[in-house]
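Residue-level structural notes
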Amino acid sequence: MYVEKLNTPLVAELQQYVAATEFQFDIVLLSSALARNDKAVQSSGGALLVACDSQEDALNLTEEYALLEQPVHWLIENTFHLQNNQLIPGHHFVDWRAAGVLSMMLSQLKQQANIHQDKVYVEHKLALLSDCLGNLSLTLSADGTIKHINQELMLKMGTKGLSANGQSWQTSLPIPSSTAKARMQQILADLSHTHSMTRLPPFPIQLDKTVLMVDGVAGPLPNDESLLILRQVAQWQSHEWVEQLSEQSTPVTLLLVNPDDFAELNRVHGREVGDQVLEEIMQCMSQVLRTDDFASRYSGAVFAAHLPETNEQQGQILASRMLQKLRSQAFSKKKLNLAFSFGLATLDSEELLGEQSPLELFRRANAALQAARSIGGGKLVSWQPQFDANILANLDRMSGKFSQAPSDDFRLMNLQWDIIRLIGSTHSLQTFSSQVCQLLATGLQSKFSGLYMQQGAHFNCLSSRLISADIDEDTIHQWAKTHIKLDPNGSKLVQPTAALSSFHYVVIPLVTRSRCVGFLLVCWETSAQESARKCAEQLEQVTPNLAAAIDRIMLLEQDENRRVGVDKEQSGEHELLFESPAMRTLMQQVQLVAPTDASVLIIGESGTGKEVIAQQLHNHSLHPDKPFITVDCSTIVEHLIESELFGHRRGAFTGATSDQPGKIAQADGGTLFLDEVGELPLDIQSKLLRFVQEKTFVAVGDQRVRKVDVRLVLATNRNLPDEVAQGRFRADLYYRINVFTLNLPALNERGDDPLLLARHFIQKFACQYNKDITDFSNASLDKLGDYHWPGNVRELRNCMMRAVILCSGAYIEPEHLILQEQADDNVVPIKPNVASIASTNTNDVSEPQSEELVQIAELLAEVVALAKQQTKVLSVSNWLEKQWLNQCVLKWGSLYQVAQQLGQSESTIRRRYAKLNKQDFSHDELFPLTERCNHLLVSMLDTETHSVLWPSIEATLHQIVIQQDVSQQHKAKLLDVTQPTLRKIIQQSQG
Ligand SMILES: Nc1ncnc2c1ncn2[C@@H]1O[C@H](COP(=O)(O)OP(=O)(O)OP(=O)(O)O)[C@@H](O)[C@H]1O
């Protein structure tokens, strides 16, 4: 505040005001000397109150104040005949003698200062609001002149838009209906009093020959500005139509048509199909309409049919016909059948409402359409007067949602829009919940926000966000788990009995379909009690949407998992799940290196997902459409590796009956993934080195040098530098392939990923095995949490598969989780008595021995009996070994681990595994025996000493086969051995 002339009684009065008000002035100067040139004044940015003697003084001084970029309010001693219009823009005279004007002004300034703080926030959110509510927006100053028009509206306005800034909005966007115009003026005038967001009823605006029907919201902005966000709801063909409507004396009907669940159709089949369907709907509608009728598409998927000279009854007949037609139509090539909602409204000649007709007609048809939707869709509803009563009731409810504080309104709306946007944009519960927590943290300035979902009798945290160092998340989760419970009906929460220290918190239940599916826990500092209370109120308004969305996403996920599970299993495609920081960092590296042609070496323990990462590298490479070829170097017989990789010419070696391209040639243009590259023999390493250096190779038995464009990805679980030091891996090759190394963390280094993956696999296998499993019980969660997964993701996956097979209830219990290391601790060693099995001929057990071994002997006898009847001899030993290895892999997670556990060489195990899994044993009669065998093996593996188990099972089979009454040749075939080997087997068993 400044006082220019000090000889006035005003000064004392001003001083009094300044002292009394709680408003903080930036600067108070009661001397004129420093005023205009003071730097502090110029930088203060706030409004200035300047007291001076007379109007003349003030007018003289405005010139000098013109350079200041802040509003200046002149307070003059003599307020008689104030003439504001002589002042330069930004300056005002204030009649301070009018009742209370000075205190009002001071409080206004205070408000302005507060609003100023919110302004950046508000402006930032405007774009968001206009995204959610509508596509057209314009900002108006207090007197109704346009300050800003968004681009979309600018496009619609054409040349008029370019000159619209500074014009009155009614000139630029005239409202052709005087009733609507009066209503709009009223709404805008009211804004400054109510300070609240206001919904606009549909009203027309005229742009050239087109009439746009719009609705939206209007809200006050800081600095006396208003914002109109308009949503285009309909477009009339021409101005004439409106005129015709208002002049006619015949009835007119408007029909609004909307396909139900169109958003879902778009989501499932994609936008392109959606657009195609919309086009077909329009064509289909036109086929039913008469020549004078006119169909148009509203924004979104709402269509309108304007039916002139049509009374309600005629309109209904036409609409029923159209409904029939649309229902029976198979849309798009995909043969989609859709349901439709119809809203119909008629204005009878005697009821014509003059200029308001089109507006009223639209409003009624729209209300009827809403009514059709609200009863589940698929119906035609005609407008009835009682709909208005419902709308009023709704508006009444709405009005409670808006407060007197615009920034609170913005915040609530913002949160709602953000959540609405989220609801539409994600179909993953995990992503959704973590985004919701993020929103709650930023939108409500909370210290902690967590989303908890009901799991059995407890609630588990799905996602949370903590912005406070005062407490750790586990403490909050633990508190929530212990103190927040469901009522016995499962429909309500019993609020916590003990408080959570160091925070002020709210617990808001998420109730949908009369079931409490979870709750939100939001915490603030204890001092923020008041704002916490307000936020909680706001949150309560959002949570029904949130709960419904969660419910919907869960259903979708279940559905999707069922579908994707089957698809992926069939296509062999691997997906990659992770949340942990370690994996995020790794995936960032993957994203970085994938679109280059650099060779990538993936290092990681067995089962960590090296192959999945290799696939990701290919999927994100420059040529994802080209081949991705995998070679597992450990499973190929040594002398065939060269030919497998580089190919061979016909006659290159015995058995090379034709030219064969190798894997390298097959991968041309794409990616070659060499898994277990550490297993390659040294001579092949030399050949590979040449290929890595020059991208050329020579096929076995060929002389031609071939060139290919192949991106190499290699993986190993060996320590290659060690292998180099031991002379088992070529140093030059190592340096060549080690261009970019990805170190895949072991599963126990991936934070919460094991649980994420475990839940994923449980869902996947539950769907595959058709079981209704909801989740883990708390005890099994504890068991999982204590385990460190030496066999990594593969072990986890297999463990979950077994858990699902073993589980018959809704929850996976600890006994279903057979964990490798814990199982090993419980080993009960037994000494198999093979001789006794042989002597008992499988039935009569004369000595105590493993129950399962006896059962397996019985089973093998049945299998051998079956195999003997087959015309094409079935190798029982291969069948048995296949089941054995499969169960071992399921138990230990990887072939590497299997080899370790069984004390055999990894490459032998890999070779056998690869060979056996190529063999087909899909005889119908064998199927139940295979099932029984697997069951027995599972339980034997849990109780027996692994290293001696297989020899005893194998010996049992040998005994059974040897005793069969068939030729030696037949026996050799049953055991898939040569005759000399069979002789040895017989000798051993007799010795
Ligand atoms: N992050 C992950 N998300 C989902 N599934 C995964 C993930 N990582 C691995 N898997 C699954 O775990 C199993 C083992 O993965 P993969 O074969 O890629 O491991 P690996 O490290 O190549 O093993 P090995 O060294 O024994 O060849 C596969 O079934 C794979 O689909």
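This text gives an overview of the structure that appears in the document.

Thresholds applied
Residues numbered from 1 in each chain as written. Predicted model: local features only at pLDDT ≥ 70, side-chain atom pairs only at ≥ 80, totals over all residues. Heavy atoms only, no water. Helix = DSSP H or I, 4+ residues; strand = E, 2+ residues; numbered from the N terminus. Contact = heavy atoms within 4.5 Å. Areas by Shrake-Rupley, 256 points an atom, 1.4 Å probe, with all protein chains shown as cover. Near = heavy atom within 4 Å. Polar contact = N/O pair within 3.5 Å; in protein donor to acceptor, adjacent residues only side chain to side chain. Nonpolar A, V, L, I, M, F, W, Y, C, P; charged D, E, K, R; others polar. Pairing = 2+ DSSP bridges. Axes fitted to C-alpha atoms, helices over the stretch in contact; angles between N-to-C directions. Parallel < 35°, antiparallel > 145°, perpendicular 65-115°, else oblique. Core = buried A, V, L, I, M, F, W, Y, C linked by side-chain atoms within 4.5 Å. Buried < 20%, exposed > 50% of the residue type's maximum accessible area, 1.4 Å probe, protein only. Phe/Tyr/Trp six-rings, centres within 6.5 Å; stacked < 30°, edge-to-face > 60°. Lys NZ or Arg CZ within 6 Å of the ring centre and 35° of its normal.

Turning our attention to the overall build of the protein. Of regular secondary structure, the protein possesses 38 helices and 31 strands. The contacts in the protein between residues at least 6 apart in sequence include a share of 65% that link residues at least 24 apart. Of the accessible surface of the protein, which amounts to about 47400 Å², a share of 49% is contributed by carbon and sulfur atoms.

This part covers the environment of phenylalanine 765. As for its position among the elements, phenylalanine 765 is in helix H26 (residues 753-768). In sequence terms phenylalanine 765 and alanine 803 are 38 residues apart; their C-alpha atoms lie 9.3 Å from each other. Residues within four places of phenylalanine 765 in sequence aside, it is in contact with Asn770, Arg797, Met800, Met801 and Val804.

So, about the site of the ligand. Residues in close proximity to the ligand total 20 residues, the closest being Leu577, Ser606, Lys610, Glu611 and Arg794. The contact in question runs from a nitrogen atom of the ligand to an N or O atom on the backbone of leucine 577, over 2.8 Å. In this structure, an oxygen atom belonging to the ligand sits 2.7 Å away from a side-chain N or O atom of lysine 610. Its free accessible area being 630 Å², the ligand has 93% of it covered by the protein chains. Among the secondary structure elements, those contributing two or more residues to the shell around the ligand are helix H20 (610-619), H26 and helix H28 (792-806). Its residues assigned to classes, the shell around the ligand shows six nonpolar, five polar and nine charged.

Before going further, it helps to examine the sheet that holds strand E21 (residues 600-603). Here we have five strands laid out as an open sheet, ordered E22-E25-E28-E21-E29, and parallel in their pairing. Two strands close off the open sheet at either side, each with one partner strand: strand E22 (628-632) and strand E29 (740-743). Neighbour-to-neighbour, the strand axes of this sheet turn through a mean angle of 20 degrees, independent of strand direction.

A word on the packing of H28 against helix H32 (residues 876-892). At a closest axis distance of 6 Å, the pairing of H28 and H32 adopts a crossing angle of 110 degrees. What the angle tells us is that H28 and H32 run roughly perpendicular. Residues Arg794, Glu795, Asn798, Cys799, Met801 and Arg802 of H28 form the contact with H32, whose own contacting residues are Val889, Leu890, Lys891 and Trp892. Its residues assigned to classes, the contact of H28 with H32 shows five nonpolar, one polar and four charged.

What follows is about the nonpolar core. Core analysis: the biggest nonpolar cluster contains 44 residues, and Ile856, Trp879, Trp884 and Ile953 have the highest contact counts within it. Contributing elements (two or more residues each) for this core: helix H31 (851-869), H32, helix H33 (895-902), helix H34 (906-918), helix H35 (926-943), helix H36 (946-962), helix H37 (968-975) and helix H38 (979-990). Leu440, Leu510, Leu539 and Ile553 belong to the second-largest nonpolar core, a separate cluster that totals 30 residues.

The next thing to look at is the packing of aromatic side chains. Both the distance between ring centres and the angle between the ring planes are used here to describe each pair of aromatic rings. Applying the stated criterion to the full structure yields eleven aromatic pairs. Taking 6.3 Å as the distance between ring centres and 15 degrees as the angle between the ring planes, the aromatic pair formed by phenylalanine 628 and phenylalanine 673 counts as stacked. Placement of phenylalanine 628 in strand E22 and of phenylalanine 673 in strand E25 (residues 671-675) is noted, with a sequence separation of 45 residues between them. The burial state of phenylalanine 628 is the same as that of phenylalanine 673; both residues are buried. Ring geometry for tryptophan 884 versus tryptophan 950: centroids 5.4 Å apart, planes at 20 degrees, classification stacked. Taken together, the residues span a long stretch of sequence, with tryptophan 884 in helix H32 and tryptophan 950 in helix H36 at a distance of 66 residues. Look at tryptophan 884 and you get buried, because its relative accessible area is 2%. Assessed through its relative accessible area of 10%, tryptophan 950 is described here as buried. Taken together, Tyr452, Phe459 and Phe519 form an aromatic cluster joined through their ring pairs. Seen from the ring of tryptophan 383, arginine 364 lies directly overhead, with NZ or CZ sitting 4.0 Å from the centre. The ring of phenylalanine 646 has lysine 687 sitting right over it, with the charged end atom 4.6 Å from the ring centre.

Quick look at H37 now. Along H37, the positions that sit buried rather than exposed are His970, Lys971, Ala972, Leu974 and Leu975. Just downstream of H37 lies aspartate 976, where phi reads positive at about 50 degrees.

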